[in-house]
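Below, each chain spelled out in residue letters.
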Protein chains: 2
Amino acid sequence: MSCNDVLVSVADIAPVILRSARNVLTPGFTTGERVIPHYQIQYIQDGFGTISIDDKEYKMRKGMLCFWGPGTKHQISSDPNQPLIILGIQFHMSHTLQPVRFTDFSGFPPVTIVHAQARIEALLRDIVKEYMGQRIYWEESAGALCKTLLLLLARQSIMSDGEGDVSWQMTEMILKFIEENYREPLTNEAIAKQFHFHPAHVNKLVITSTGVSLHQYLMNFRISQAVELLLSTSMSIQEIADAVGYKNIHYFSRIYKKKMGISPTMTRRQALSVK
Amino acid sequence: MSCNDVLVSVADIAPVILRSARNVLTPGFTTGERVIPHYQIQYIQDGFGTISIDDKEYKMRKGMLCFWGPGTKHQISSDPNQPLIILGIQFHMSHTLQPVRFTDFSGFPPVTIVHAQARIEALLRDIVKEYMGQRIYWEESAGALCKTLLLLLARQSIMSDGEGDVSWQMTEMILKFIEENYREPLTNEAIAKQFHFHPAHVNKLVITSTGVSLHQYLMNFRISQAVELLLSTSMSIQEIADAVGYKNIHYFSRIYKKKMGISPTMTRRQALSVK
């Protein structure tokens, strides 16, 4: 990226989609060497092939996502024996049409190659559908979908922390464990033990991906669940404390009030228009 | 909506999610009467119930979406015999935290009640996931997802054209028919006949939902498909013309050039970095 790049915050990405399609490359087809003055994402929906980016060759297989900036030389070839199915988009990062540098994210490397989550494939399918369908507001809609996709990639990049997919997948497993077991009494040690990690390492992974400590993350998750139970059930405060993993109702009430500013009982009362 | 509303273009909606959850209301539960100073969407994922909005009562069933602005009185009750499962979000339309009025869209009525598309349920599930998971960039990501959702609702509202879901679903069927049959020689008359409509009525529906005439929509769709075939296959121009519904290669080449500014052959040549 050059010094002419536009500086933006990740929150302010506003992608403009120039082209998007699902392409079926027949067996043994090659695109020839191409250079495009836009950002480009190519996702392998099915099949095998090879991609050469800036003269470096990579094997392509289902689930692989390639992302590069304007002016990157690339050539895609399908396997000789089967078709290669690609969901692709070309876009600008904003209406200024210039490459960007982020103020609050170390940025995507010139070439990103990752194994994509299922949500990313669904987003790409929707972008293709919007682009092809040309319904009213398709530009805005495809742009918002592309922004969601780029934020997921940025998140995955930060959570990977230079260690690739393993670190990201491990963090996702830890957070998922918390989200599925918050009803139980959990300690940092118990969570870490579950994954054969040192508690300090688990804490570091959680801070990287959520901005808060493991202890804080668990507490926030429990309080959010408590808010929902207060507003959508007639469970007692004691029952709710218990349901979100707090045996001690007084401790629960104290930290609830600290986080929400009001007591659990008040949350319930304030939701009603007739008090 | 009052005269203090902020004026924005639909493209500039930038929703801020305040709360989002999947709530399970136990059988026979009622929320009591509530008024919330934010926009709110409630989508029935499963079950039955009733909702009273500004003292008017509506039956709730799976797939139904309710959307209202700040300060709307509402009360939700689940069926006495089964739980009611709701995906809900509360949000501001922008960081200014004020209600908005649109410069380029007649706007959502004070209360919108529609049967939602499957894509809308998927978007709501992802917003809940982002809000609960609190991963880095969750605010931006949930905001972009909510924007996509609001654009789909705005589109559905415009395509319904005051005639409710029927008009929207009919237009979707017509556009889907074109997208699945563009390879065949199609005329406005043939398309209209398929749905027992007058061609002028079909044309009006297509203009409302895409901004272009039926003839233009079909042509744009065919040319987009031709671009993809030029860039991802080694088919001849004749074969491509044929594949996108044009028997006459000269006519195809002429309208291709008119729309794209360059000839089909040139599209292929210009894609290569080494010419």
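Residues numbered from 1 in each chain as written. Chains lettered and ligands numbered in written order. Predicted model: local features only at pLDDT ≥ 70, side-chain atom pairs only at ≥ 80, totals over all residues. Heavy atoms only, no water.

- As recorded in an unreviewed UniProt entry, chain A goes by the name AraC family transcriptional regulator, listed as coming from Paenibacillus algicola.

Some details on the sheet that holds strand S8 (residues 73–78) of chain A
Note on sheets: strands pair through backbone hydrogen bonds, and any given pair is parallel or antiparallel.
Residues and elements named next belong to chain A.
Thought 1: Taken in spatial order, the 4 strands of this open sheet run S3-S8-S5-S6, and their pairing is antiparallel. Looking along the sheet, the strands with just one partner apiece sit at the ends: strand S3 (34–35) and strand S6 (56–61).
Thought 2: Bridge analysis of strand S5 (residues 48–53) against S8 gives 5 bridges, and the strand direction is antiparallel. Residue pairing across strands places Ile51 opposite Ile76, the latter belonging to S8. (Pairing = 2+ DSSP bridges. Helix = DSSP H or I, 4+ residues; strand = E, 2+ residues; numbered from the N terminus.)

As for the pairing of strand S7 (residues 64–68) of chain A
All names here are of chain A.
Thought 1: Among the 5 residues in S7, 5 count as buried, and that is most of the element.
Thought 2: Neither face of S7 is exposed, since Met64, Cys66 and Trp68 on one face and Leu65 and Phe67 on the opposite face are all buried.
Thought 3: The pairing of strand S4 (residues 39–46) with S7 spans 4 bridges and is antiparallel. Considered in S7, the bridge of Gln40 is made with Trp68. (Buried < 20%, exposed > 50% of the residue type's maximum accessible area, 1.4 Å probe, protein only.)

Focus on the side chain of B:Arg34
Thought 1: Here B:Arg34 is to be found in strand S3 (residues 34–35).
Thought 2: The buried charged residue B:Arg34 lacks any salt bridge partner; its closest oppositely charged side chain belongs to A:Glu228, at an N-O distance of 7.7 Å.
Thought 3: Each residue touching B:Arg34, except ones within four places of it in the same chain, is listed here: A:Leu231, A:Ala271, A:Leu272, A:Ser273, B:Thr72, B:Lys73 and B:His74. (Lys, Arg positive; Asp, Glu negative; His and termini not counted. Salt bridge = Lys/Arg side-chain N within 4 Å of Asp/Glu carboxyl O. Contact = heavy atoms within 4.5 Å.)

Describing the interface of chain A and chain B
Thought 1: Counting residues at the interface gives 60 residues for chain A, matched by 59 residues for chain B.
Thought 2: In total, about 5000 Å² of surface goes out of reach between chain A and chain B, with carbon and sulfur atoms giving 52% of it.
Thought 3: For the chain A face of the interface with chain B, the top three residues by lost area are A:Arg135, A:Tyr137 and A:Arg155, together amounting to 15%.
Thought 4: Taken together, the connections running from chain A to chain B amount to 26 residue pairs in polar contact (both at pLDDT 80 or more). (Buried area = accessible area lost by both parts, 1.4 Å probe. Polar contact = N/O pair within 3.5 Å; in protein donor to acceptor, adjacent residues only side chain to side chain.)

Some thoughts on the pairing of S4(A)
Residues and elements named next belong to chain A.
Thought 1: Of all 8 residues making up S4, 7 are buried, and the element is well covered by its neighbours.
Thought 2: Here 7 bridges tie S4 to strand S9 (residues 84–92), and the two strands are oriented antiparallel to one another. Pairing of Gln40 across the sheet is with Gln90, part of S9.

A few points about the environment of A:Ser234
Thought 1: Residue placement: A:Ser234 occurs in the loop between helix H6 (214–232) and helix H7 (237–243).
Thought 2: Sequence separation between A:Ser234 and A:Arg268 is 34 residues, and the spatial gap between their C-alpha atoms is 9.7 Å.
Thought 3: In contact with A:Ser234, other than residues within four places in its own chain, are A:Arg268 and B:Phe29.

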